[in-house]
Structures are given as structure tokens and as C-alpha cells.
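Report on the structure
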Amino acid sequence: MSVGPYNYSYIFKYIIIGDMGVGKSCLLHQFTEKKFMSDCPHTIGVEFGTRIIEVSGQKIKLQIWDTAGQERFRAVTRSYYRGAAGALMVYDITRRSTYNHLSSWLTDTRNLTNPSTVIFLIGNKCDLNAARDVTYEEAKQFADENGLMFVEASAKSGENVEEAFLETAKKIYQSIQDGRLDLNAAESGVQHKPSQPGGRNTLVNDQTASKDSCSC
Amino acid sequence: MSTSQDLPGIIQAKLSSGEAAITVHEASLMQGWVRASRILALVEHENECALFIFISSRMPPEVFTDLAIERVIPVDADFKCEIDAGEQSVDVYVNISSRKLKLLFEMIPGLKTNNFVSEIMRSMEALSKRRGPPPEFQWLHKYSGSSNRNSADCVASSLDTSDDDAFKASKTEAEKMLDILDSPDIVVPRQSIAQGATPIAARESVIRHQMSMKEDDYTFTQTLRMFIGTWNVNGLPPSSSLTPWLASDLEPPDIYAIGFQELDLSKEAFLFNDTPREEEWRKAVMAGLHPGGKYRQVALVRLVGMMLILLVEEKHVKHVRNAAFETVGTGIMGKMGNKGGVAIRVEIHNTSICFVNSHLAAHVEEYERRNQDYHDICSRLSFSKFAPVKCIKDHDQIYWLGDLNYRITEVEINTVRDLINQNYFPALIQYDQLHRQRSQNNVFEGYHEGAITFKPTYKYDPGTDDWDSSEKNRAPAWCDRVLWRGDGIEQKEYRSHPILKTSDHKPVSALFDSQVRVIDVVKYRKVHEEVMKKLDKLENEFLPQVTVDNTEIIFDIVRYLEPQSQELIIANTGQVPVQFEFIKKLDDSKCCKEWLNIDPPVSFIMPGEKCDVKLEVFVDKKSAFKLNSGVDKLYDILVLHLEGGKDIFITVTGNYERSCFGSSLEALVHVSVPVREIPIGKLVELETTKEAPGGMEPYPIPKEIWFLVDHLYRHGLKKQNLFLLPGLHSELLAIRNWLDNGSSEPLPGSLHSIAEALLLLLDSTSEPIVPFNLQSVCLGASSNYLQCKQIVVQLPEYRKNVFLYLCFFLQELLSHANENGLDAKTLATVFGGIFLRDSPRPSARANSTVDRKKANFVYHFLVNDLSDYVVSKALHLGPSS
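No experiment lies behind these values; they were computed from the predicted model shown.

Further remarks concern the overall build of chain A. In terms of regular secondary structure, chain A is built from six helices and seven strands. Reading chain A from its N terminus to its C terminus gives the helix and strand order β-α-β-β-α-β-α-α-β-α-β-α-β. Across the 216 residues that make up chain A, the buried fraction comes to 52%. For chain A, contacts bridging at least 24 residues in sequence account for 75% of all contacts bridging at least 6. A total of about 9400 Å² of accessible surface is found on chain A, and carbon and sulfur atoms cover 48% of it.

As C-alpha cells, then:
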């Protein structure tokens, strides 16, 4: 009994969106490399990162597209929403304007993804509490009103970064389990890589008391 | 793959005479996380086989000099080949190992791979059935460069470690790299990727391979005391306590493996494998165990008279996994169970252990038969619940016990008894058949046996310590033995227990301190996490990476028909070859706007190399109108896509200098000053509204047309080949500037350039003089002047004006045909294409019939009298305001 050649069962496509400078690339970097990238240049284009995570015992490969936040690229980055299983929508808790633009990002996301896409709102830079410009409560209310998952996180300290990516994956996986997400739909953002159920020889204690089974 | 048919021939050419390549196959060697192409060949020489691993300087190789031998692995007792393929597997993984060397190959599933692997298996099987001395692989020494070693063991290892110059000289770059790769840490072979080795995806087999290479990092050893006992009980039931045998030591052992032979000699047991003795002896064993420990039976296996019980001290039970047992009969017809072997295998912590209890063929002279029984048990006993199946040899530790039945021969029985009485066993052992057969490598290759310091255990008169007194008067023999194989095993005791007198054999026991590898769960998780993290990191590192020198390409001033270009330098700063492509955006049909040209739009860059991409802006009639009218701007975002990786946006901007070229006739008639002099936006407004701004009386025709025609009228009526010879590009640009900027200087350029400028101006207008929607009507009417005339009269005013104005001028030109040599047909053809310009849609392709009709249409107006048309006075040629 050996497993198939893949060491993951699913591929989930994520996009990260939000205004320029809210820390999208830093969140990705913190998630894939567990490091904070200081003086991170503006993303001119779409960065790509990947990591394998585990949800309910299933290995899942995340393919993450980190989009440029600059307004002038908005029309182009819209091309990347299609087929995303998860959308991480990021604002900067120290800059209200980035929060105010959320409804426009949300509109794009709703229009350009499918209904089962999990949208996760991240208030980044929560390490800069002193400079806070958006309260947790109002963002939470915005998230609740729009049915979004929400955390405040810090790409710098790493706080809640892992959680945001993992919770999104859990929600997507749950949708698959519940049958709400059709894996066969071309734009589900999920690919299934069937690997063998049970995997290798199970590591349980299978003593073979052979008293009555030793005949040839 | 057509060349691969020659592959066996090429390999054969690489080999020496007498060596035959049985089968040849292409495979990928997994080097750390990277796969590299190799060619494998199973080579046979006088019934000895070896696996040759070749590196080829090109794939597939074309001549044998392309090949270098990387390794030669003899197919000997240590050679292992395991297949690792999942059911939905895309690739087949083949593990080849020999001693410390472990290689993982990836092969494409299919008949070729099956054939190749089965040939390897066949050669291994042939080895296991081989009789006589084991192969020496002398013929391989030339490949290892070591001629003074005569043991086959040296071949594989010497290839690993030999500093021999001959071998060193043949080392390729790839081999040197391999040396680096063999270091325990996962080395990212940057160089190998540059050499074309491709990164691999995360795969379970590779992770398992990596984990097994790092085993030392997450395991520690624990010593277990093993008690291995064997007793031929001669079909008798237990008659006394087994404690003197099983509990004769101070310390309780951790593990008991107790084997019996001739448990039951009855016909029932032989035919139906059913006997009450099993339970009787099992109970006796349980009762006789060391009182210092609590033991649980992990497995019991019996075949007729051979029984093996495995007992484990309770505190270790939870670390015992994957227990399995098998039996092999080697009796009559090669399968009856009166002779043969039974085996139990388990994994204790991270060490696999196999216990074999065998009863080999009897009779003094039958030692070869015993050898054969041993080989049969080895080749036929396999634990089939595992995939791939595990054989005896596939275990880290093997304990082989039993009545092996080897005798003491070629010496007088009295001498034997004398030597025994003197306890002079070293002399006696020389006559022991097992000792002799083992020293000739005929049996139990690779096994160890401790020195025998006890009296032969056979044959006694039952119930006594007296040697056999029956008629047969058998010579004493060490029938009952314990051997072992594997690392970390130290024998502490090897003895017999003559106090037990039930049988004609005495029981034997051996005590071992055996090291098992224990997984440190915390360290294991850490190493596993490191491997996974490394994999994630590598996967991200292996993503294509480039830098571009500029993501904002700015063209300063772009003018009509004046190409400009800038270079974009794309440097591959990653570790893998990059395929890049400028891709189109969501709703676009092309990767860039029509005024831009990208060369090359798709290309391939090796790591460390660069590619210059030329971006050229060229505004011609296709795009000029959109830029003049504000429908389009010199602004585009290009998406530079790296295959399998990220996208980079390149912004291209420029200032387009508006021009009369690419404007509409309707707009131009409303502009009284040079186009460049009206404010920015005004032209856009004019193009949008087509309304006269602020009460200015529009011109009947655009002044630019008038300037050009007037100049030709004044200076060019007698010019030969006017409108037929091209102008100079530089002069055309000067004329464009003169028209757009205004000047007090005379119109620059030669007559030919001015004539061409006129054609270009007419050709660049947003719509042709005859609107697109009337073209087909005109073509239909082209044979009938009256109909043509009808159409022209109904043209929008300014178009009609321009049309007639130009026709007046062309008639004037033709009136000088004597001097300029022009004819109406030629001019009608030239202007037909312009007046009745095709719509830019690609479907409207050039077509000679259409062209002729266009010419016919214009021709009417060049040869007929136009004086009856009502036209503005201003359209009259000649000197005017």
C-alpha cells in the first residue's frame, strides 16, 4: 500500500486583494516564508506563492496570487479573480481610506468570483495599535453585515497570519465536504488530486494474535 | 523516441566484450529534490549481473562516447530493488539500494518499465537460486578502478569512496555534483538546474526517501535484550518446567523468540496440521518465562512440527507494529510441512526484525539439501500483506534459529566423542558441516554465529545426558543453532541447556543485546516539518523569477508615422529556465494596443541570462484617428507572464502629438489654424461633435488638402510619374510638421513626397471619402457613370467637395499627359483605392475584382466633363486667397 505521487489532495487558489500599501505581499511572505519582509517594494504585477497545509488530515496545496494594489492596475488585476476559491481582502487599520475602499473591492470580488468563494477580511498592521484609524468593532460589523470572515493580523509579528490562511482553507474544505462547492465546476478554484485513502500502512498497533490462524 | 531504439546498441558499444546488456531503460535519478536523466542497463557477464548507471551528455545519446558510467552496482545479496507506485500514480518510483547506497529512480509507467524491473527481479531471483560460491564480480573491477580487491563487496563502495585516479578522471560535472548531493543535508543543486535537470513536485516517495536519509537525526538507539531459543522436542509433550531454559539468566529479557521442531510427529499433524501439542507447549513456554518480566504473546506460527512464538515484555508491546507471519514447507514435493521454515516479522520502534525458525533436511550426507532448503525458505518466504511484499532479507535484523540438521562428518565418531569430552570444541567445529558450508559461502551468506562453547545438542538417549546408544549410534552433532544478521546486534550468550532431558535434542538459547532505532517523536516532527518546509521553500524558490530593468516605459513625444522604440531587459534571476510571454488581458484580443509592437512577445531565458525585448511605438493610420479623437491614449499595461509563476505589469505611456493625419475631414474643415495651434482637447471635441466652434465658417475642404494640391497644381503638373513614385520618409515627416505646425516657409519636400503626403493624408482620415457603408453601392454602380454621379452628388458635403476637388485636379494633371506621361487608368487605380478605402476589418481582404471596380468608379470622373457639378467657388483650382 503506497500513496500516489502527490503529497497533497487538493489545490486551492487564493487571491489577495486590497489597496496599495496595506501589506498584501508581506502577508504572503510571512505565510510562505515565516519572515517579515521590511521595505517590501510595491508589487508591480501579480506575485505567486505556494505552501502545503493540512486541514482535517488532508494535505492541501495553496496557490496564492498576490495582486498589485495600485489603482492604475485595477482593470488588469480583475483578470485574476476568476477561479479563486479564497479571496483575502486586506486593509490597513492605520489608514481609513484603505478601509473605505473595501466595498469597492468587495463588489469586484462578488462580481468576478463564484458564490462559493470564501472571502476573508484582514485588518493588517495590528501591531501598530497606537496609530489605529479603524476600530476592530466597526470592521467586525462590516464583515458580519457582508458575511465575511474577519481577523486583525500583523504581517510584521505574524499574529493571525497563519490563522487567516488556514481558516479560509478550512471553510473551503468544509464547502467541499458539504457539497456546496462543485469540484467539477471549472471555476471552483479547487483541484482534487486523488491520493489513496488510508495512505501507507497504518501506524496502529496491530498485533496479530495468531492462535487460530496459523495453519497453512 | 525513435532514436531510443538504438539505445541498447549504444550501451552495448560502451561495454567490454563478454558483457551483454540484457535490458536498457531511461529513468530519472532523484537527486535531493531534483530529477536528472540517467540511463540504466542491466548487464550480464558469465551469469553475474550488475546494474550500470550512465550519464549521457545528451538525451537521448547518439553515440557511445556520449555516455559516462556513473555507478556500477553488482546484483549481489545486498542488492535490493523495490517498486513504489500508487494506483493513480503518474510515475513509478524504483528504489535501488546496496548497503549504504540508496538511489531513487523515477520511471514512466508502461511496458518498458515493467520489462526492465522484471528483468532486474529475474536477475535477483537467479542469484538467490544460485548454488556454489557467490559471484565475485571480478569483471566489474575495471569499472571501479580497483584491481587489488577481490571481494564483490568492494565494488559498490569503492565507487563511492575510491580516490582512484582512473575513476576520478572519468568523473563528469554531474558526478561531482552528485558527490555534493550525497551529503546528508538537502543541498539545492543550483547548478544542476542550469544543466537542465528539472525541479520536481512534492511527492510522497521523495519525502519518504529524504526522511530515510535523515533517520539518524530523529532516532536514537535503545538496547533490547533478546532471548532466542530453539528445541527439537522429538514429538513429545512437555514433561518438565522450561524455566531452566527460558529463565536461566538474572535479568529478564525484553523479547522471547522460542522455536520448536518436531512438536508432533503424528500422521494427523503431518496431514492436517492439527495438534494438541501446540497448546501444551505454548502453555509450558508461558509458565517457564522469566518471573522478572510480564510477557505478551505477539504472534505464534506453526507449520506441522515447527512452531515459533514471539513474546514481548509488556512495556514494549505498544511499540510493536506490523506483525506478520508466514510459513514455507520444503518437505516432500517441495511443500509438505515436515521440513521448512516459519517466520514472524515485526517492527519494534523504527527497526524491522524477522525471526525464522527452520527445520532443514535430515540425514548426515544431505548437507546440500539443507543448503537448498535454506535458499528455498529465503526465496519463497515472503510477507504478502505488505506492498511491495517483504522478504526475510528486507529486515534490519534477522534471527535465524532451528534444527538446521548440519552434522559433524569426516571424522571418526570416537574422535568426536573424545574431543567433546575434552571440551575441545574449536577443533571439532572444523568438521561441522554448517561451518564448512558457510565458509564456502554456500549457505547463510551474511549471517553471523557466535562461537560454540557447548556440547553438541544431538543425539541423546531421551531422559538422559547419554549419547545415542541405539543401533544407529549416531555421531553427536550441533543440529540446533542460532544465527543472526544485521547491525547493532551483540551476542551475550550462546549455550545449550542439557538439564532438559525430554527430547533426543538439548534446547539451545542465545541472548543478544540488540539496538533498535527509536523515533524521537518530537525530533521526527521537527525533521519532517523541516523537510516539508524545505519543500515549500524550494517550490517557491523554484518558481520562475525574473527582474525587469523598467516597469514604466515612457515614450516622450510620439508623432504620426515616426516609429520609436525602447528596450526592456528581462533578466532571469531565478534558478529555473523561464518561459515568458506577454499575455492579453481579460477582454482584449491582443497582448498590447495596436500602436505597440513587442519583439519577441514570447521567449525563453536560461538562469543567469537576459533577454532584450524591443517595444516599438508606431502610430499609423490604424491607430492615429483613435489617438486624435481621444478614443485611445498612448497608455497600455502589458502583462509579462512567467509560465508557472508570477506576472509583472509593464506600463507603457507616451505623448502623442496630434496631427492632421488621422483626423476626419469634418473636423479639419473647422480648423482654421495649424492643428498643433488649437488647444489640446479642442480637436477631441471637434471629432466628437463635428460642429463648428464659435461661428467660424468652415472651409469647403480641409486647408491641408488644399495646401498640398495647390502646391502640386502650381509646380507639379508636368512632373513625370507623379503619384507613382514614392517620396522620402524624412520629407514626409517634414511636410507633416509643416502642415501641423504652420510655417511661413514654403512647403518642404520634393513633388513626389508632397504627392505621397496627399495620398497618406487622404488615407489616414477616420473614414474614406466614400463612406464605408456606400462602398458596395459604388462598386455595384462602377460600370455606369450616371449611377456613379448620382452617388457622388449625394455624398456628405465635405466629402463630395474633396472628391470633386481632387478629380478637377486629376483632370488638370491628365491634361498635361503629354509632359507628365500620366494616364487616367493609372490615376483612377491609385485614387480608387483611397477614395473607396476598405474598412479596417480583416475580413475585407484585397481583391483584384474589387480593385478594378474601384478604379472604374473613379475613372468616370477623370474622363467625363465635371462642369455641371454645383461646387463651391473655392474649389476652383488655381491662384486663390
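Here we take up the sheet that holds strand S18 (residues 397-403) of chain B. Residue and element names in this part refer to chain B. The five strands lie next to each other as S13-S14-S15-S18-S19, forming an open sheet whose pairing is mixed. The strands lining the two open edges of the sheet, one partner per strand, are strand S13 (320-329) and strand S19 (480-486). The average angle at which neighbouring strand axes cross in this sheet is 15°, direction not considered. Relative to S18, strand S15 (residues 351-359) runs parallel, the two sharing seven bridges. Bridge assignment links Phe-355 to a residue of S18, and that residue is Tyr-399.

Moving on, we come to helix H14 (residues 367-380) of chain B. Residue and element names in this part refer to chain B. End to end, H14 covers 20 Å across 14 residues, agreeing with the expected 20 Å (1.5 Å per residue, within 8%). Among all positions in H14, only Arg-370, Asn-371, Asp-373, Tyr-374, His-375, Asp-376 and Ile-377 are buried. Residues of H14 that are buried make contact with helix H2 (111-129), S13, strand S14 (340-348), S15, S18 and helix H17 (433-439).

Looking now at helix H15 (residues 413-421) of chain B. Residue and element names in this part refer to chain B. Of the residues making up H15, those classed as buried are Val-416, Arg-417, Leu-419 and Ile-420. Looking down the long axis of H15, one finds its buried residues gathered within 160° of arc, a one-sided arrangement. Looking at the buried residues of H15, the elements they touch are helix H16 (425-429). Backbone geometry just after H15 places Asn-423 at a positive phi near 55°.

Conventions and cut-offs
- Residues numbered from 1 in each chain as written.
- Chains lettered and ligands numbered in written order.
- Predicted model: local features only at pLDDT ≥ 70, side-chain atom pairs only at ≥ 80, totals over all residues.
- Heavy atoms only, no water.
- Helix = DSSP H or I, 4+ residues; strand = E, 2+ residues; numbered from the N terminus.
- Buried < 20%, exposed > 50% of the residue type's maximum accessible area, 1.4 Å probe, protein only.
- Contact = heavy atoms within 4.5 Å.
- Areas by Shrake-Rupley, 256 points an atom, 1.4 Å probe, with all protein chains shown as cover.
- Pairing = 2+ DSSP bridges.
- Axes fitted to C-alpha atoms, helices over the stretch in contact; angles between N-to-C directions.
- Expected span 1.5 Å × (residues − 1).
- Arc of directions from axis to C-beta.

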